[in-house]
Amino acid sequence: MIDPLAPDALRQRFDPSDLDFDTTDDLPAETQVVGQDRAIEALDFGMNIDAEGYNVFALGPAGTGRRELVQHLLEEEAAAEETPPDWCYVNNFDDEREPRALTLPAGRGCEFKEDVDQLIENLQTALPATFESEEYQSRREMIQEEVREDQEAALEDLQERARQEGIALIRTPQGFVFTPIRDGEVIPPEEVESMPEEERQQVQEQIEEYQDELQQILRKVPEHQREARQRVEELNKEMAALAIDDLIDALREKYADLDDVLEFLDNVRSDLIENVDFFVQAPQQGADASQQGQAPMMQQQGQQGGGQQAPAPDGAFWRRYRVNLIVDNEDTEGAPVVYEDNPNYQNLVGQVEQIAQMGALVTDFNLIRPGALHEANGGYLIVEARQLLTQPYAWEGLKRALRNSEIQIESPGQALGLIRTLTLEPEAIPLDVKLVVVGERLLYYLLDALDPDMERLFKVMADFDDQIDRIEEQEAAYADLLATTIEDHDLQPFDRSAVARVMDRSVRLVSDTEKLSAEVEQIRDLLKEAHHWAQQDEADVVTDEHVQQAIDAQIYRADRLRERVQESIEREQIYIDTDGATIGQVNGLSYLEAGGFSFGRPNRITARVRLGDGEIVDIERETALGGAIHSKGVLILSGFLQGRFAQRYPLSLSASLVFEQSYGGIDGDSASSAELYALLSALAEVPLKQTLAVTGSVNQRGVVQPIGGVNEKIEGFFDVCKERGLTGDQGVLIPASNTDNLMLRPDVVAAAEADDFHVYPVETIDQGIELLTGMEAGTRDEQGAFPDDTINGRVEARLREFADRRRQFAMTDGQADAPQEA
């Protein structure tokens, strides 16, 4: 018989006296991460390697603080890097549908935008003032006067020559008229009619000759007007240049080192001069243009000719010269680190907004909005995998940007070729970013298996562990991590007993005395709740009592289902025996988890055996309630029985196994040892103690293997026994390899210390069956037989009996089927 575990093996507590501080205020509180060396090294590698495709997928369970840790590490690295340039969009004066992208050194983008805004403000005053000036008005009037004088001189010459020949040129509302005169007076029409035919014919011929000359003079009038307009246009451009050049030259000098900016300023100058008629036609409105609204450009801007009246320059006109600053790194220190918490397509690659105007949707380059890729360009971008993959087209859009190393702003409909409406097509911006996608391991493995781009675009895997090795250095760092969390969240200081209790809880969360939990979110929540209970007690320092109060409150909020199960057992609605002994019946232990809370509960497992052909029927599997792993565990039982007892004769039993009162799905193999005990008991016809419960899987050689949830399972059976009264005979059989996982509740440990409850570490089925029956398991002697008064001996004898009976039945059936002679 094996001995139960000592009480101190049931719970590995942290001793507060081993901590070399009084409260967390005595600690430096500088630790941000503990025990994630593999992930940190991978992140460092991914950040520093200068090669295409070395983006990082940070994987690990939720609750380990993956995203916060990644962001903290990236910010530390990025602080020492060069700040990337600013980016802005400006109008493309050759094709307004394709705005141009300009890049400027970090911090100069905002300055350039302000300078251009000031330039526009100055031009709104200077250009109208130029065309209202006396110099401009007099020079324009001079041009027009010269044209008028030339026209008048030609008419006067014609009029004088005609007068000398007795013909007068008269201006009427209907135009010019030639008529004969005598002594300076117009001859009345009736006298003209009464003239001799020859004289009248001569006068008519003279009038026609002068009429032809007049027509030639009048035909030259449009030519003179065109000449005048050209001269006026040249004057307008000259005057506009005088007003513009000084202002633009100042900017050209300031940005002389930026060729793209100089080209833009040249284009602004050319476009202003080309559209100078806007200021000539309505100069008085120019100064008020900025208050005319900020609507996008609705009309085609250009030179107005042919006498067409040009509209006054309004807000839409001036928008064409503005600068749309989409990335401003003026206040950025080092490289940017951007976390996008809503990584939809538009939030990643940007978008072109539209506004409703006069019943239509209109836009211009000023409505281009950046995405997270723009903001992180030259630095680091962090996104959550689950949020990214649930957004339509976001994953494909992000991969496209990474593959092409550029950010192309377009709608999802455009990207998919579904929409071909006329809209802006901004110039693509070169992309230089390190992307870190944070997600669960399952998502990473699925993407790696199903998406061929993963290998090309995410060459670095940063795997975050959910456990931390419990060594002295790590324990000290863990305490400082708690102090950092307390300081960051402005919590009251924790004394050493409180820190030790938190670390106890950390061990329990991972169910491994050699590990600490890396799920910092649960620990952070525990710290906050303990702080709350300390405040309720008006305590200045959080103690272990406050931590335990927080733990108890967490459990109470979540354990309604566990209480209902315990209540059903106590009311004997679920049958569980905790005393006596029964053949073919054992208390198995199962593990349940619901709503983040896990607990154990006992289950009655029974076995029935009879003569058969060696089949063990798993009723759970037959009713489709058993999972694949559970069914595998039952099949292993057949392998064990055949390997131990069916070497000389066939296994001739039929057995059935069932979890009594189980109405839902069952999976896992942690009850396979309990099922084997029940089966051996039924074969040996030896009762099993109902004071003991069993957990552990088994292999075909009869070795008991480790399982999960060992603490919860032990506590589940302990609670039933405690409610009915501890007798000192009750306990649980666990795999010996699970000893390092024990972190039982203090009341269970106290019962063990009082010798009221026991935990037995079992390595083999033989050890377990001896505890459950009080009978020796037995080993084969020199002749290869088990002693008769042992469990194995009784089982072998029963199976031999089944084999003999089966052989007899076969012989009897053969004789009955033999042909009879007549």
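Up top is the structure these notes are about.
Since the model is a prediction, treat every value here as computed from it, not as a measurement. (Residues numbered from 1 in each chain as written. Predicted model: local features only at pLDDT ≥ 70, side-chain atom pairs only at ≥ 80, totals over all residues. Heavy atoms only, no water.)

A tally of helices and strands in the protein chain yields 28 helices and 30 strands. Taking 822 residues into account, the globule formula puts the C-alpha radius of gyration at 28 Å, and the protein chain, at 48 Å, lies well above it. The principal-axis extent of the C-alpha atoms belonging to the protein chain is close to 170 × 95 × 50 Å. Expressed as a percentage of the 822 residues in the protein chain, the buried residues total 50%. Put simply, 78% of the contacts in the protein chain that link residues at least 6 apart link residues at least 24 apart. Surface exposure of the protein chain reaches about 40300 Å², of which carbon and sulfur atoms provide 44%. (Helix = DSSP H or I, 4+ residues; strand = E, 2+ residues; numbered from the N terminus. Rg over C-alpha atoms; globule rule 2.2 N^0.38 Å. Buried < 20%, exposed > 50% of the residue type's maximum accessible area, 1.4 Å probe, protein only. Contact = heavy atoms within 4.5 Å. Areas by Shrake-Rupley, 256 points an atom, 1.4 Å probe, with all protein chains shown as cover.)

The next point concerns the packing of helix H18 (residues 496–510) against helix H20 (residues 544–558). Viewed as axis vectors pointing N to C, H18 and H20 meet at an angle of 30 degrees, and their least axial separation amounts to 7 Å. Judged by residue contacts, Ser497, Ala498, Arg501, Val502 and Arg505 of H18 engage Asp544, Val547, Gln548, Ile551 and Gln554 from H20. Taken together, the residues of the contact of H18 with H20 sort by class into four nonpolar, three polar and three charged. (Axes fitted to C-alpha atoms, helices over the stretch in contact; angles between N-to-C directions. Nonpolar A, V, L, I, M, F, W, Y, C, P; charged D, E, K, R; others polar.)

Next up on the list: the packing of helix H21 (residues 560–570) against helix H25 (residues 710–724). Relative to each other, H21 and H25 sit at 45 degrees, their axes nearing to 11 Å. The orientation of H21 relative to H25 falls into the category oblique. For the crossing formed where H21 meets H25, the hand is right-handed. Contact with H21, carried on its side by Arg562, Gln566, Ile569 and Glu570, involves Gly716, Asp719, Val720, Glu723 and Arg724 of H25 and no other residues of that element. Looking at side-chain class alone, the contact of H21 with H25 contains two nonpolar, two polar and five charged residues. (Parallel < 35°, antiparallel > 145°, perpendicular 65-115°, else oblique. Left-handed = near helix turned anticlockwise from the far one by under 90°.)

For the rest of this paragraph, the subject is the sheet that holds strand E2 (residues 86–90). Strand order in the open sheet formed by three strands is E3-E2-E7, with antiparallel pairing between adjacent strands. The outermost strands of the open sheet, each flanked by one partner alone, are strand E3 (100–104) and strand E7 (324–327). For this sheet the average axis-to-axis angle between neighbouring strands, irrespective of direction, equals 30 degrees. Together, E2, E3 and E7 form the strand contacts of helix H3 (residues 108–132), whose direction differs from that of E3 by roughly 120 degrees. Along the sheet face, helix H7 (residues 259–274) touches E2 and E3 and points at about 130 degrees away from the line of E3. (Pairing = 2+ DSSP bridges.)

A word on the sheet that holds strand E13 (residues 380–384). Sheet architecture is open: five strands sit in the order E8-E13-E16-E1-E17, paired in parallel fashion. Single-partner strands in this sheet number two, and they are strand E8 (337–340) and strand E17 (460–463). The average angle at which neighbouring strand axes cross in this sheet is 20 degrees, direction not considered. Pairing geometry for E8 and E13, over four bridges, is parallel. Within E13, the position partnered with valine 337 by the bridge is tyrosine 380. Each of strand E1 (56–59), E13, strand E16 (434–439) and E17 touches helix H1 (residues 37–48); the most contacted strand, E17, lies at about 155 degrees to it. Most of the contacts of helix H15 (residues 441–450) go to E1, to which it runs at about 140 degrees, and overall it touches E1, E16 and E17.

The next point concerns the side chain of aspartate 86. For aspartate 86, the location among the structural elements is in strand E2. Of the buried charged residues, aspartate 86 lacks a salt bridge, with arginine 108 as the closest side chain of opposite charge at 8.2 Å. A distance of 2.8 Å separates the side chain of aspartate 86 from the backbone nitrogen of glycine 109, its partner in a polar contact. (Lys, Arg positive; Asp, Glu negative; His and termini not counted. Salt bridge = Lys/Arg side-chain N within 4 Å of Asp/Glu carboxyl O. Polar contact = N/O pair within 3.5 Å; in protein donor to acceptor, adjacent residues only side chain to side chain.)

The subject of this paragraph is helix H19 (residues 520–536). With 17 residues, H19 extends 24 Å from end C-alpha to end C-alpha; this agrees with the ideal 24 Å at 1.5 Å per step. For H19, every residue scored as buried is listed here: Ile523, Arg524, Leu526, Leu527, Ala530, His531 and Ala534. For H19, the angular spread of buried residues about the axis comes to 160 degrees, placing them on one side. Tucked into the core, H19 has its buried residues touching helix H17 (472–488), H18 and H20. (Expected span 1.5 Å × (residues − 1). Arc of directions from axis to C-beta.)

Once that is clear, we can look at the pattern of salt bridges. Counted under the stated rule, the structure contains 43 salt bridges. The partner of glutamate 410 in a salt bridge is arginine 400, and the shortest N-O contact between them spans 2.2 Å. Placement of the pair is glutamate 410 in the loop between strand E14 (406–407) and helix H14 (412–415) and arginine 400 in helix H13 (residues 394–404), with a sequence separation of 10 residues. Glutamate 410 gets classed as buried once you look at its relative accessible area, which sits at 15%.

One way to say it: the disulfide is the covalent bond shared by the sulfur atoms of two cysteines. Applying the stated rule across the entire model yields zero disulfides. Of all cysteine sulfurs, the one in cysteine 110 lies closest to cysteine 88, which takes part in no disulfide; the gap is 11 Å. With relative accessibility at 0%, the residue cysteine 88 sits in the buried group. (Disulfide = S-S within 2.5 Å.)

Attention now goes to the packing of aromatic side chains. Across all of its chains, the model carries 16 aromatic pairs by this definition. Judged by centre distance (5.2 Å) and plane angle (75 degrees), the ring pair of phenylalanine 112 and tyrosine 255 falls under edge-to-face. A residue pair is termed long-range when its members are at least 10 positions apart, and phenylalanine 112 in helix H3 and tyrosine 255 in the loop between helix H6 (197–254) and H7 qualify at 143 residues. The exposure classification of phenylalanine 112 matches that of tyrosine 255, with both residues buried. An aromatic cluster is defined as three or more aromatic residues linked by ring pairs; in this entry it consists of Phe93, Phe112, Tyr255, Phe264, Phe317, Trp318 and Tyr321. Here the basic side chain of arginine 67 rests over the ring of tyrosine 339, its NZ or CZ set 3.9 Å away from the ring centre. The ring of tyrosine 54 has lysine 459 lying over it, and the distance from NZ or CZ to the ring centre is 5.9 Å. (Phe/Tyr/Trp six-rings, centres within 6.5 Å; stacked < 30°, edge-to-face > 60°. Lys NZ or Arg CZ within 6 Å of the ring centre and 35° of its normal.)

What follows deals with the environment of glutamate 519. Residue placement: glutamate 519 occurs in the loop between strand E19 (515–517) and H19. When the C-alpha atoms of glutamate 519 and serine 506 are compared, they prove to be 8.6 Å apart, with 13 residues separating the residues in sequence. Residue contacts for glutamate 519: discarding those within four places in its chain leaves Ala62, Gly63, Thr64 and Asp466.

Now for the nonpolar core. Within the largest apolar cluster, 47 residues are counted, with the highest numbers of intra-cluster contacts made by Leu641, Tyr677, Leu680, Leu683, Leu733 and Leu799. Where this core is concerned, the elements lending two or more residues are strand E22 (597–611), helix H23 (628–645), strand E24 (653–659), helix H24 (672–684), strand E26 (692–694), strand E30 (757–762), helix H27 (765–773) and helix H28 (791–817). Sort the elements by how many residues they give to this core and H24 lands first, with nine residues. Discounting chain neighbours no more than four positions away, the residues touching leucine 683 are Val609, Leu641, Leu653, Arg794, Val795, Arg798, Leu799 and Phe802. (Core = buried A, V, L, I, M, F, W, Y, C linked by side-chain atoms within 4.5 Å.)

Turning to unusual backbone geometry, a few remarks are in order. For methionine 358, which is not glycine, the phi dihedral falls at a positive 55 degrees. Position of methionine 358 among the secondary structure elements: in the loop between strand E10 (355–357) and strand E11 (360–362). Residue methionine 358 is classed as exposed on the basis of its relative accessible area, which comes to 81%. Phi is positive for aspartate 490, close to 55 degrees, though the residue is something other than glycine. One can find aspartate 490 in the loop between H17 and H18.

Relative to the elements of secondary structure, asparagine 377 occurs in the loop between helix H11 (372–376) and E13. Each C-alpha atom, one on asparagine 377 and one on leucine 258, is 20 Å from the other, the two residues being 119 residues apart in sequence. Setting aside residues up to four positions removed in sequence, asparagine 377 forms contacts with Pro84, Trp87, Pro336, Ile407, Ile429, Pro430, Leu431, Asp432 and Val433.

Judged by side-chain polarity, Ile170, Val177 and Val186 come together as a nonpolar surface patch covering roughly 200 Å² of accessible area. Mapped onto the elements of the fold, isoleucine 170 is located in strand E4 (residues 167–172). (Patch = residues over 30% accessible without salt bridge, like charges linked within 9 Å, V, L, I, M, F, W, Y side chains within 5 Å.)

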